[in-house]
Amino acid sequence: MNLRDDGPAGEPAAHPHRTVEPSSNGRPDAGHHPAPNGNGTSLPDAGDEQRLHPLTFVVGAVRELIALVAAAATGLLVGGLSTAFYFALTGLAVGLLFHVASWATFTYVLYGDRIEFRRALIGRSVKSIPRDRIRGVDITASLPHRLLGLAVVHIDAGADGGEGSLNAVSRNEADRLRGVLLARDAPAPPRRVLARMRRRWYVYAPLSGAYLLTPFALAGSLLGTAYNLGDDLGLITRERVENLGHDVVGLPTALVVALTILVLIAMPVMSVIVFTLFNWDFTVHERDGSVVAERGLVTRRSVSLERRRLRGVELADNPFERAAGVTRLGALITGLGDAAHRGRLLPAAPRAVAETLAARVVGDVPGPLVAHPPAARGRRLIRAVAPPVGVAVLALLAGQPWVASLCGILAVLAVPLGLDRYRQLGHATDGARLSVRSGSLRRRQVVVEHGALVGWRIRRTLFQRRLGLATLFAAVGAGDGGYAATDMAEEDAVALAAAISPAWVTPFLEVPPEPGR
Amino acid sequence: MRRGHHRDGGESHPPRLRPPEHRVSRRAIAHWAIEYLLLWGLAFGLAVGVAAWVGDSGWSGMPGWLAGRIGWLPYVVGAAGLLMVTVAPVWRYRVHRWEVSADVVYTRTGWFSREWLLVPVGRIQTVDTEQGWIERMLGLATIEVNTASHVGSSEVSGLPVDVATRLAEDLAHRAHDLRDDAT
């Protein structure tokens, strides 16, 4: 049921494996035909117009089809051959027609130096993506796509190249396109699996808050859809909603308690199910000079991250995950949109596995981390405690003792939080990579290659100056743009920057009072 | 823990950054003062309005001790504004410094909190000069040095126009020659 079975491993001939070489920046010029792959599959002649797969409009219309068929059926059941039924039928016909028309008018052309998307439904538009700007090619296949042997190809070309998607082409064509678009000039070694999710890791899902809440999000959107659909068909009236409300209020307490317990039990189970849906058989492998992450049960998603743009990793966890020794691994990629989702390298894995993968992708995680001076502890404490205390004081002044005492409790709880935030502060470098760590409820440890740094920023507030502290920001053209080593000793901040990039910093150091030691 | 790690390599003095070499133009003080004056003038006007409105409406939504003293609001805002207009620009002038060495742009900005920024010329993507209307009046310009990261992008305001223009051109040329923007 997954892509790899019918994918490149099965028929290597169809997939030109290439590596990225540093020199491959200089891509073939316009008009230059990419060399034949030398393994049987030749590229189409430049300028060949290609259409999406003919079955595309079937998939495209499937969603509307299901919704509209359901609506039409409901309409038929409730009101017989009512207006709603004809309305739904018309909608169905128009939708199908639209999908057929957009299939017929959309073509894509692969040239030696660019790929063009042409649309001619209403007005003409040509979108062109230069091939040397292409940073990643993702292949996604939802359930209907997979049933029909189709896949969606998403091409990402960073900020200056734009993006485009082919929805949808055949599986083989998708793999061929990825091979061709990411192909560079030398044959690549066969792909190598870097990491693969194990069965028992799925139970880590409830540890992360996001997956615990997804069932609610799903239920909410389902209810919303049902309501809208019912509303459109006139099924929802004021009385019915009111009756439902009365019914809910009138439920016996025991039943409510039982339902609550049921939901509480269901939450972790649901979170594991949702997690499994998204992250089934999460596999990271290496090919074509890219790191490819594949995941998903129903919709199988594959994201290629170009290796030379992968400048670091991020290890994130929360206190529960820390207690279980679990962490999430993400990639820092230059010029990748939606990096939080697409740069994911491991959803939840034992720390040792995550660190091994990190080492394979960018290099060893530097360690052990150097703790920050004790003066930083006071700052973390004050920062954690001050907001609830402030609100408590305001609430007291405003005569709201309840709010004030609630904030008081929060302030007490903030003490261990502040202490832990201090404990988590740290930095380290091993001569090739810099690592900084901060945060408690969401702890992040970032590892960045020295070569990815684009500058240093040192910030000292008045309070920091009095304590001899400074915050050092390593500016990086990937991820968040910069990562902070919060509250380092002032001279350590300068020394760290100077140690990592002596050429940038040493010219601006104070000359020691007496030369030589 | 403070000094106890190997990275210092046995250096006997703690490394410290020296201030960048050049100050910005003195006219920058006037520029910042005008900016603060406009901003705090507006805040003062609002404060007067709020105080008058609350006093008239007899609104009971706030505790009595505050309602009785609402007339103080404009004075508090006015005093803070006066302090900002007189102290902050001079303070900023004393802090703001810049220097461009062979391959690094080094700036120090801020007043209450200070920031030192080191940007290698090779990592620069764009260099912009900008002039607001106050700056145009005073013959000043702001130069913006942008890298692939907003954290690593710096802004030097209060430079004389000719210096800013020359610097921007020079930086753009050298950035082009040395370009390796780490993306």
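Residues numbered from 1 in each chain as written. Chains lettered and ligands numbered in written order. Predicted model: local features only at pLDDT ≥ 70, side-chain atom pairs only at ≥ 80, totals over all residues. Heavy atoms only, no water.

### Concerning the interface of chain B and chain A
Piece 1. Across the contact, 43 residues belong to chain B and 50 residues belong to chain A.
Piece 2. Both sides of the chain B and chain A interface together cover about 4,100 Å² of buried area, and 59% of this is carbon and sulfur.
Piece 3. For the pair chain B and chain A, the number of links is 3 salt bridges.
Piece 4. The residue Glu 115 of chain B makes a salt bridge to Arg 457 of chain A at a minimum N-O spacing of 2.2 Å.
Piece 5. For the side of chain B that touches chain A, the secondary-structure elements that each account for two or more residues are strand 3 (104-110) and strand 4 (114-120) of chain B.
Piece 6. Here the side of chain B that touches chain A gets 7 residues from one element, more than from any other, and that element is strand 4 of chain B.
Piece 7. In terms of residue class, the side of chain B that touches chain A is built from 19 nonpolar, 12 polar and 12 charged.
Piece 8. In this sheet, strand 4 of chain B lies alongside strand 20 (residues 453-460) of chain A in antiparallel orientation, the contact comprising 5 bridges. Opposite Ile 458 of chain A, over in strand 4 of chain B, you have Trp 116 of chain B as the bridge partner. (Contact = heavy atoms within 4.5 Å. Buried area = accessible area lost by both parts, 1.4 Å probe. Salt bridge = Lys/Arg side-chain N within 4 Å of Asp/Glu carboxyl O. Helix = DSSP H or I, 4+ residues; strand = E, 2+ residues; numbered from the N terminus. Nonpolar A, V, L, I, M, F, W, Y, C, P; charged D, E, K, R; others polar. Pairing = 2+ DSSP bridges.)

### Points about the confidence of the model for chain A
Piece 1. Summarising the model, chain A shows a mean pLDDT of 79, and 81% of its residues fall at 70 or more.
Piece 2. Confidence over residues 1-45 of chain A falls short of pLDDT 50; this stretch has 94 contacts with residues more than four positions distant or in other chains. (pLDDT = per-residue confidence, 0-100.)

### Comments concerning the pairing of strand 13 (residues 300-306) of chain A
All names here are of chain A.
Piece 1. The buried fraction of strand 13 amounts to 6 of the 7 residues, a majority that puts the element mostly inside the structure.
Piece 2. For strand 6 (residues 136-141) and strand 13, the ladder comprises 3 bridges, and the chain directions are antiparallel. Counted as the bridge partner of Ala 141 is Arg 300 from strand 13.
Piece 3. Where strand 12 (residues 290-295) meets strand 13, 6 bridges bridge the pair, whose relative direction is antiparallel. By the bridge assignment for strand 13, Val 291 is matched with Leu 305. (Buried < 20%, exposed > 50% of the residue type's maximum accessible area, 1.4 Å probe, protein only.)

### Considering the environment of Leu 406 of chain A
Piece 1. Relative to the helices and strands, Leu 406 of chain A resides in helix 14 (residues 401-424).
Piece 2. With 18 residues separating them in the primary sequence, Leu 406 of chain A and Pro 388 of chain A have C-alpha atoms 8.9 Å apart.

### Brief notes about the packing of aromatic side chains
Piece 1. Per the counting criterion, the structure on display carries 7 aromatic pairs over all chains.
Piece 2. With centroids separated by 6.2 Å and ring planes inclined at 75°, the aromatic side chains of Tyr 202 of chain A and Phe 275 of chain A adopt a geometry described as edge-to-face. You can see Tyr 202 of chain A sitting in the loop between strand 10 (192-196) and helix 7 (209-232) and its partner Phe 275 of chain A sitting in helix 9 (residues 253-279), a full 73 residues away along the chain.
Piece 3. For Tyr 202 of chain A, a relative accessible area of 8% gives the class buried.
Piece 4. Owing to a relative accessible area of 1%, Phe 275 of chain A belongs among the buried residues under this scheme.
Piece 5. An angle of 80° between the planes, with centres 6.3 Å apart, marks the rings of Phe 463 of chain A and Phe 112 of chain B as edge-to-face. You can see Phe 463 of chain A sitting in helix 15 (residues 462-467) and its partner Phe 112 of chain B sitting in the loop between strand 3 and strand 4, one on each of two chains.
Piece 6. The partly exposed category is assigned to Phe 463 of chain A, whose relative accessible area is 48%.
Piece 7. For Phe 112 of chain B, a relative accessible area of 35% corresponds to the partly exposed category.
Piece 8. These aromatic residues form a ring-pair network of at least three members: Phe 463 of chain A together with Trp 91, Trp 111 and Phe 112 of chain B. (Phe/Tyr/Trp six-rings, centres within 6.5 Å; stacked < 30°, edge-to-face > 60°.)

### A word on the sheet that holds strand 14 (residues 310-317) of chain A
All names here are of chain A.
Piece 1. Pairing within the open sheet is antiparallel, and its 6 strands lie in the order 16-15-14-19-18-17. Both edges of this open sheet fall to strand 16 (344-350) and strand 17 (426-429), since each of them pairs with a single strand only. Averaged over neighbouring strand pairs, the angle between their axes works out to 15° when direction is ignored.
Piece 2. Across the face of the sheet, helix 12 (residues 351-361) comes into contact with strand 14, strand 15 (326-333), strand 16 and strand 19 (443-449) while running at roughly 150° to strand 16. (Axes fitted to C-alpha atoms, helices over the stretch in contact; angles between N-to-C directions.)

### What to know about the packing of helix 1 (residues 27-57) of chain B against helix 3 (residues 73-95) of chain B
Residue and element names in this part refer to chain B.
Piece 1. At their nearest, the axes of helix 1 and helix 3 sit 9 Å apart, and the two run at 170° to each other. The orientation of helix 1 relative to helix 3 falls into the category roughly antiparallel.
Piece 2. Counted by class, the contact of helix 1 with helix 3 contains 22 nonpolar, 2 polar and 1 charged residues. (Parallel < 35°, antiparallel > 145°, perpendicular 65-115°, else oblique.)

### Comments concerning the pattern of salt bridges
Residues and elements named next belong to chain A.
Piece 1. Taken as a whole and judged by the stated rule, the model has 33 salt bridges over all chains.
Piece 2. The salt bridge involving Glu 173 is made with Arg 176; its shortest N-O contact spans 3.0 Å. Here Glu 173 and its partner Arg 176 are both found in helix 6 (residues 171-182), 3 residues apart, which amounts to about one turn of the helix.
Piece 3. Using a relative accessible area of 13% as the deciding quantity, one classes Glu 173 as buried.
Piece 4. Among the salt bridges present, the one from Asp 420 reaches Arg 322, with a minimum N-O distance of 3.0 Å. Linking Asp 420 in helix 14 with Arg 322 in helix 10 (residues 319-323), this pair joins segments that are 98 residues apart in sequence.
Piece 5. According to the relative accessible area criterion, Asp 420 is buried, its value standing at 12%.
Piece 6. Several salt bridges share partner residues, and in doing so they unite Asp 317, Arg 322, Arg 351, Glu 355, Asp 420, Arg 423 and Arg 443 into one network.

### Re the environment of Ala 33 of chain B
Residue and element names in this part refer to chain B.
Piece 1. On the secondary structure map, Ala 33 appears in helix 1.
Piece 2. Once the C-alpha coordinates of Ala 33 and Thr 86 are considered, the two residues, 53 residues apart in sequence, prove to be 7.1 Å apart.
Piece 3. Those residues in contact with Ala 33 that lie beyond four places of it in its chain are Val 85 and Pro 89.

### Quick notes on helix 12 of chain A
Residues and elements named next belong to chain A.
Piece 1. Within helix 12 the residues assigned to the buried category are Ala 354, Leu 357, Ala 358 and Val 361. The arc that holds the buried residues of helix 12, viewed along the axis, is 105°, so those residues lie on one side.
Piece 2. Following helix 12 by one or two positions, Gly 363 has its phi on the positive side, about 130°. (Arc of directions from axis to C-beta.)

### Thoughts on the pairing of strand 21 (residues 469-476) of chain A
Residues and elements named next belong to chain A.
Piece 1. In terms of burial, strand 21 is largely enclosed, as 8 of its 8 residues are buried.
Piece 2. Taking every second residue as pointing to the same face, both faces of strand 21 are buried, with Leu 469, Thr 471, Phe 473 and Ala 475 on one and Ala 470, Leu 472, Ala 474 and Val 476 on the other.
Piece 3. Here 6 bridges tie strand 20 to strand 21, and the two strands are oriented antiparallel to one another. Residue pairing for strand 21: Arg 459 is matched across the bridge by Thr 471.
Piece 4. Here 6 bridges tie strand 21 to strand 22 (residues 482-489), and the two strands are oriented antiparallel to one another. Looking at the pairing, Ala 474 lines up with Tyr 483 of strand 22.
Piece 5. Hairpin connection between strand 21 and strand 22: a loop of 5 residues separates the two successive antiparallel strands, and Gly 479 in this loop has a positive phi of roughly 60°.

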